[in-house]
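Chain by chain, the residues run as shown.
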Amino acid sequence: AAALCPCRAVLARRGGALRALCGSVRGLAAGPEAHFGFQNVTEAERREKIYQVFENVAKKYDVMNDSMTLGIHRVWKDILVHKMNPSPGTLLLDVAGGTGDIAFRFINYVRSIRERQLQRKLKHHQNLSWQEIFESYQADKSKSLGDSQVVVCDINKEMLKVGKQKAQHLGYSEGLSWVLGDAEELPFDDDKFDVYTIAFGIRNVTRIDLALQEAYRVLKPGGRFLCLEFSHVSNPLLSRLYDLYSFQVIPVLGEVIAGDWKSYQYLVESIRRFPPQEELKAMIEDAGFFKVDYQNLNSGIVAIHSGFKL
Amino acid sequence: MAAAGGLRRAGWRLWRGRAVLRCQLSPPQRALRTSAVLRRVSEEQKEPLASSSQQQFDSHPTDPRPEQEPQGPRPSYTGQGGQESEDYESEEQLQHRILTAALEFVPEHGWTAEAIAEGAKTLGLSVAAAGMFHSDGSELVLHFVSQCNTKLSELLEQEQKQVQLGEAEKKPTEQFLRDAVEARLRMLIPYIEKWPQALSILLLPHNIPASLNLLTSMIDDIWHYAGDQSTDFNWYTRRAVLTGVYNTTELVMMQDSSPDFEDTWRFLENRVADAVNMGNTANQVQSTGEAVVQGLMGAAVTIRNLAGLNQRR
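In the annotation of an unreviewed UniProt entry, the entry for chain A reads COQ5 protein, and the organism field reads Nyctibius grandis. Taken verbatim from the UniProt record of chain A, the Subunit (unreviewed entry) comment is "Component of a multi-subunit COQ enzyme complex, composed of at least COQ3, COQ4, COQ5, COQ6, COQ7 and COQ9. Interacts with PYURF; the interaction is direct, stabilizes COQ5 protein and associates PYURF with COQ enzyme complex." According to the UniProt record, the Function (unreviewed entry) comment for chain A is "Methyltransferase required for the conversion of 2-decaprenyl-6-methoxy-1,4-benzoquinol (DDMQH2) to 2-decaprenyl-3-methyl-6-methoxy-1,4-benzoquinol (DMQH2)."

Take a look at the structure:
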């Protein structure tokens, strides 16, 4: 129990660790109680611990994701981007987006939509002269993304580093930027973004209400808030199997693959401590969002919450 | 600049606090802030100085909302927060506004989520607001159809008023039906190129209840204003016939390339004439049938007489 100090809490899923950097602003030194897995710690301690967790896990993050969810996390993230249905010209802020999964999917999606748009335009250009068609080609080629941009924001430098490397490796350069920042206090102006996503990150935020308020602030009017997170399974049989898998298999995998049992223990505990679907929906509504709704994936193992700033 | 921003935010929070108080009085309804956002934008245009919170409070209740259409009964929004909630619109109203704005982008983008996104942009909202709707554009089509039906009802009501006031002649049924269907179909003309797409959307299984509902209520309306008061089986046959006429004329209109759709209106004329004649024919058939039966009875009696079986001396 005491060995929790250099605790590598592994939030196998999403990064968004809490700030240890600009900790003083919310300056709650030894004050408020927070939870770290099934333990109770102070807020500052929690932030520190979570930061260290992700610092240590960063390199093995994606591998662990795949092995723990048997690759299903890719489908979840695909569903999230599909639900977002971004049109070219959308500005996305991906908070706690460390290794860039959502950002890359977003770019792919927008690219394919853009291509379809261009094809449709070409079909209409049947009776233009060759010169005009040539000119339209020139104009469109320069914007394969159609002005869409994604900003990946994460509190943890290591996660961002891994993300940047991945981007380089996969060849994503256009329309992508990486920013170091804290979800509870975003370094952006008001009314900036069309969509705000936080995938598997909000669980690691110490003050969820602050993060939601920040989300509300940086979104444009009409903007959308999307949150992908582990949630509560209502089906009792499935719940028992899930618990079995979570507490018996995942920490073992963590030890074998990443050499870190405690972090993955933290992960599964933190999932149990996170508010269930309805409660999170109420919190999102409190922050000022409208048309708040959630969609359960895999009968509650994961849920996507969506709200609009109206 | 920063000060203005800070003030605005402070005012924003204060105002939100106020809204929260309201919410506690009438829990289920929450006012939309877009209306406030839009209103603030118009305020800022009027007064380019930093809007202080005091200003916001004052101009709140008295600022007329230019976008607010005369909405009919809104029972759920005039709760205990009475005056406050009347100034704001509901989510549905905002959605209607977005869809109406999206209609002008339909000729370019079709009945899709893209058109809705463009519509949201013109209202000053982010393109992500299109996420409120189905991604296949269903709501846009249904909204348009319902709008057209409402316009048709208003048109027919006006005509009826004119007849009642004696300013116009009452049209014969055939003429009335023709004009009503023509007026309704003319509303499709600006969107005629993308209308086949709209029809296919209306036929999607999850849209069929809604689209069928709209269609039947429109036909009902037309017959009502045509003066139909039947209470027997005629009610059904009349509606079925008119639905058939309407649908077939719509399909003909899709493929019509004559100037001002003359061919379509001529087709419509013929179909309505057929429909009305069918009514007459039905009567004729009935009376002919009766006549034939009587003739047969007479022949049978005559034969009986001749055969001497009708002995009644």
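Okay, the overall build of chain B next. For chain B, the count of helices and strands is 13 helices and zero strands. Of all intrachain contacts in chain B linking residues separated by at least 6 positions in sequence, the fraction that spans at least 24 positions is 66%. Total accessible area on chain B stands at roughly 18,100 Å², and carbon and sulfur atoms take up 56% of it.

Moving on: the pattern of salt bridges. All names here are of chain A. Tallied over the full model, the rule gives 27 salt bridges over all chains. Between K161 and E158 there is a salt bridge, with its nearest N and O atoms 3.8 Å apart. Pair noted here: K161 and E158 are both in helix α6 (residues 157-170), with a separation of three residues, about one helical turn. We classify K161 as partly exposed; its relative accessible area is 47%.

With that settled, consider the packing of aromatic side chains. Residues and elements named next belong to chain A. In the structure shown here, the tally under the stated rule is 19 aromatic pairs over all chains. For the pair F104 and W178, a centre-to-centre distance of 6.5 Å together with 70° between the ring planes defines the contact as edge-to-face. Here F104 is found in helix α4 (residues 101-124), whereas its partner W178 is found in strand β5 (residues 176-180), with 74 residues between them in sequence. Owing to a relative accessible area of 5%, F104 belongs among the buried residues under this scheme. In textbook terms, an aromatic cluster arises when at least three aromatic residues are bridged by ring pairs, as seen for Y196, Y216, F225 and F289. Lying over the aromatic face of Y242, R272 brings its terminal NZ or CZ to 4.9 Å of the ring centre.

Once that is clear, we can look at the interface of chain B and chain A. Contact residues are listed per partner, giving 25 residues for chain B and 25 residues for chain A. Approximately 2,000 Å² of surface area, both sides summed, lies buried where chain B meets chain A, with 55% of it carried by carbon and sulfur atoms. The interface formed by chain B and chain A includes one salt bridge. For the salt bridge of B:E114 with A:R120, the shortest nitrogen-to-oxygen distance reads 3.5 Å. There are three residue pairs in polar contact (both at pLDDT 80 or more) connecting chain B and chain A. When residues of the side of chain B that touches chain A are traced back to their parent elements, those giving at least two are α1 (2-25), α2 (33-46), α5 (91-102) and α7 (113-122) of chain B. Residue classes in the side of chain B that touches chain A are distributed as twelve nonpolar, seven polar and six charged.

A separate point is the nonpolar core. B:I98, B:W111, B:L140, B:W195 and B:I222 are the most contacted members of the largest nonpolar core, which has 60 residues in total. Counting residues per element, this core draws most heavily on helix α8 (residues 138-164) of chain B, at eight residues. By size, the runner-up hydrophobic cluster in this structure holds 51 residues, among which are A:F36, A:L267, A:L297 and A:I304.

Below, the discussion takes up the packing of helix α3 (residues 72-84) of chain A against α4(A). All names here are of chain A. Following both chains from N to C, one finds α3 and α4 inclined at 50°, their axes separated by 10 Å at the closest point. As far as their axial angle goes, α4 and α3 are oblique. In the packing of α3 onto α4, the handedness of the crossing is right-handed. Of α4, the residues touching α3 (which contributes H73, R74, K77, D78, L80, V81, H82 and M84) are D101, I102, R105, F106 and Y109. Broken down by class, the residue content of the contact of α3 with α4 amounts to six nonpolar, two polar and five charged.

This paragraph deals with helix α10 (residues 195-202) of chain B. Residues and elements named next belong to chain B. Listing the buried residues of α10 in full gives W195, A198, L199, I201 and L202. Along α10, the residues classed as buried sweep out an arc of 160° about the axis, all on the same side. In this fold, the buried residues of α10 make contact with α8, α11 (208-225) and α12 (234-254).

Attention shifts here to α6(A). Residue and element names in this part refer to chain A. A rise of 1.5 Å per residue sets the reference length of α6, with its 14 residues, at 20 Å; its end C-alpha atoms lie 20 Å apart and thus fit the reference within 8%. Within the span of α6, buried status applies to E158, M159, L160, V162, G163, K166 and A167. Where α6 terminates, the next one or two residues include G171, which has phi positive at roughly 90°.

Calculation notes
- Residues numbered from 1 in each chain as written.
- Chains lettered and ligands numbered in written order.
- Predicted model: local features only at pLDDT ≥ 70, side-chain atom pairs only at ≥ 80, totals over all residues.
- Heavy atoms only, no water.
- UniProt positions renumbered as here; feature names shortened; annotations may be inferred.
- Helix = DSSP H or I, 4+ residues; strand = E, 2+ residues; numbered from the N terminus.
- Contact = heavy atoms within 4.5 Å.
- Areas by Shrake-Rupley, 256 points an atom, 1.4 Å probe, with all protein chains shown as cover.
- Salt bridge = Lys/Arg side-chain N within 4 Å of Asp/Glu carboxyl O.
- Buried < 20%, exposed > 50% of the residue type's maximum accessible area, 1.4 Å probe, protein only.
- Phe/Tyr/Trp six-rings, centres within 6.5 Å; stacked < 30°, edge-to-face > 60°.
- Lys NZ or Arg CZ within 6 Å of the ring centre and 35° of its normal.
- Buried area = accessible area lost by both parts, 1.4 Å probe.
- Polar contact = N/O pair within 3.5 Å; in protein donor to acceptor, adjacent residues only side chain to side chain.
- Nonpolar A, V, L, I, M, F, W, Y, C, P; charged D, E, K, R; others polar.
- Core = buried A, V, L, I, M, F, W, Y, C linked by side-chain atoms within 4.5 Å.
- Axes fitted to C-alpha atoms, helices over the stretch in contact; angles between N-to-C directions.
- Parallel < 35°, antiparallel > 145°, perpendicular 65-115°, else oblique.
- Left-handed = near helix turned anticlockwise from the far one by under 90°.
- Arc of directions from axis to C-beta.
- Expected span 1.5 Å × (residues − 1).

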